[in-house]
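Observations on chain architecture
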Amino acid sequence: MTVTPQTTRDIVACDNLVRIFSVADIEVVALQGLDLRIKAGEMVAIVGASGSGKSTLLNILGGLDVPTAGRAVVDGLDLARLSPGERTRYRRRTVGMVWQQTSRNLLPHLDALANVELPMVLDHRPNRQQRAEDLLELVGLSDRARHRPRDLSGGEQQRVAIAVALANSPSVLLADEPTGELDSATSADVFELLRRINREVGTTIVAVTHDPLVADHVTRTVAIRDGRTSTETVRRTERSEAGGQQVIAEEFAVLDRSGRLQLPRAHIKALALADRVRLRLEEDHVGVWPSNAEDAPGSSPPETSADDRSEA
């Protein structure tokens, strides 16, 4: 298998993405102007509370839904402009999907090898059995090739599901809570497998998850709040003063293309920010202060300590 190194190319690009659902004459805004960039070869986790819009985002990227407004481009394809036939080919070739529920990933009457072959059969690919065997070896299940899903553990089923998702060599692998039904040890094994595939095969991986262990397995965590990208946590490895390696994690607020910024909830609560805030442009940063009722708009912010203000 050929490893594709991470590049500066955006393989996923979402601009001002909006998705509105109509439920019983009520409009529900699931995404409200979300911006997202993912480079080819990255492994990224999308996190957020229930109702934040992360699953809606994944369904759009997976070609299962279309945005109400805005633009979503994956590997050069504008998802809102695909015809039904192009959308089917997109789901077969450009993206692979791994779901939380194993019943959505595998057909119960087929063994592991046949499940991995199936996407290639549907796409009329040659050398299906050999590739299926190679993929089962990649996920560590060569000895379980002739076992049906009911004879496999939960972790083994998810490993087969990952092999199925990789069958047609997709540009992006999308995983929706891939460890949601697994215990913590098995979850760590599955995420380690995804990380190894990302590293060795070069497939871009986007995982929606609530799993707290995800921080140990991805280079970037994107938090979604209220239908928008709110923060990103980027991890890098540096050499410590003692000569060993240490992981440095930095959290960033995300500035969208309209200049909007979502401050972390902890910052808002700590400073009792509400309705409006004061901003001051400094040489190398922007200061954010609470707006006190006695301060007239436009006046200079009061002298504050580092504990009383947030720097953006």
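Preceding this paragraph is the structure being described.
**Topic: the overall build of the protein chain**
Helix and strand counts for the protein chain stand at eight helices and 14 strands. For the protein chain, the proportion of its 312 residues judged to be buried stands at 46%. Sequence separation of 24 or more characterises 61% of the internal contacts of the protein chain that already satisfy a separation of 6 or more. Here the protein chain has roughly 16,400 Å² of accessible surface; of this, 48% comes from carbon and sulfur atoms.

**Considerations on the environment of Asp134**
Of note, Asp134 is situated in helix α5 (residues 128-138). Counting along the chain gives 29 residues from Asp134 to Ala163, while the straight-line C-alpha distance between them is 9.2 Å.

**With respect to the nonpolar core**
With 37 residues, the main nonpolar core has Val116, Leu136, Val160, Ile162 and Leu173 as its most contacted residues. Top contributing element to this core by residue count: helix α6 (residues 154-166), with seven residues. The contact partners of Leu173, leaving out residues within four places of it in the chain, are Gly96, Val98, Ile162, Ala165, Leu166, Leu194, Thr203, Thr204, Ile205 and Val206. Formed by 29 residues, the second largest nonpolar core is a distinct cluster that contains Leu31, Ile46, Leu61 and Val208.

**Describing the packing of aromatic side chains**
Under the criterion given, the structure shown has zero aromatic pairs. The residue whose ring lies beneath Arg19 is Phe21, and the NZ or CZ to ring-centre distance is 4.2 Å. It is Arg104 that lies over the ring of Trp99; its NZ or CZ is 3.6 Å from the centre.

**Examining a nonpolar patch on the surface**
A surface patch of nonpolar side chains, amounting to about 260 Å² of accessible area, comprises Val23, Ile26 and Val28. Tracing the backbone shows Val28 in strand β2 (residues 26-39).

**Focus on the packing of α5 against α6**
Between two packed helices, both the angle of their axes relative to each other and the distance between the axes serve to describe the pair. Interaxial distance between α5 and α6 falls to 9 Å at its minimum, and their mutual angle equals 135 degrees. Considered as vectors, α5 and α6 are oriented oblique to each other. Here the hand of the crossing between α5 and α6 comes out right-handed. For the pair formed by α5 and α6, the contact residues are Arg131, Leu135, Leu136 and Leu138 on the first element and Val160, Ala163 and Leu166 on the second. Considering only residue class, the contact of α5 with α6 consists of six nonpolar, no polar and one charged.

**Focus on α5**
Listed in full, the buried residues belonging to α5 are Ala132, Leu135, Leu136 and Leu138. Down the axis of α5, the sector holding all buried residues measures 155 degrees, keeping them to one side. Residues of α5 that are buried in the fold lie against α4 (112-122), α6 and α7 (184-200). Gly140 lies just past α5 and shows a positive phi near 80 degrees.

Each value, and the rule that gives it
Residues numbered from 1 in each chain as written. Predicted model: local features only at pLDDT ≥ 70, side-chain atom pairs only at ≥ 80, totals over all residues. Heavy atoms only, no water. Helix = DSSP H or I, 4+ residues; strand = E, 2+ residues; numbered from the N terminus. Buried < 20%, exposed > 50% of the residue type's maximum accessible area, 1.4 Å probe, protein only. Contact = heavy atoms within 4.5 Å. Areas by Shrake-Rupley, 256 points an atom, 1.4 Å probe, with all protein chains shown as cover. Core = buried A, V, L, I, M, F, W, Y, C linked by side-chain atoms within 4.5 Å. Phe/Tyr/Trp six-rings, centres within 6.5 Å; stacked < 30°, edge-to-face > 60°. Lys NZ or Arg CZ within 6 Å of the ring centre and 35° of its normal. Patch = residues over 30% accessible without salt bridge, like charges linked within 9 Å, V, L, I, M, F, W, Y side chains within 5 Å. Salt bridge = Lys/Arg side-chain N within 4 Å of Asp/Glu carboxyl O. Axes fitted to C-alpha atoms, helices over the stretch in contact; angles between N-to-C directions. Parallel < 35°, antiparallel > 145°, perpendicular 65-115°, else oblique. Left-handed = near helix turned anticlockwise from the far one by under 90°. Nonpolar A, V, L, I, M, F, W, Y, C, P; charged D, E, K, R; others polar. Arc of directions from axis to C-beta.

Read these as layout, nothing more, since geometry by itself doesn't imply function.
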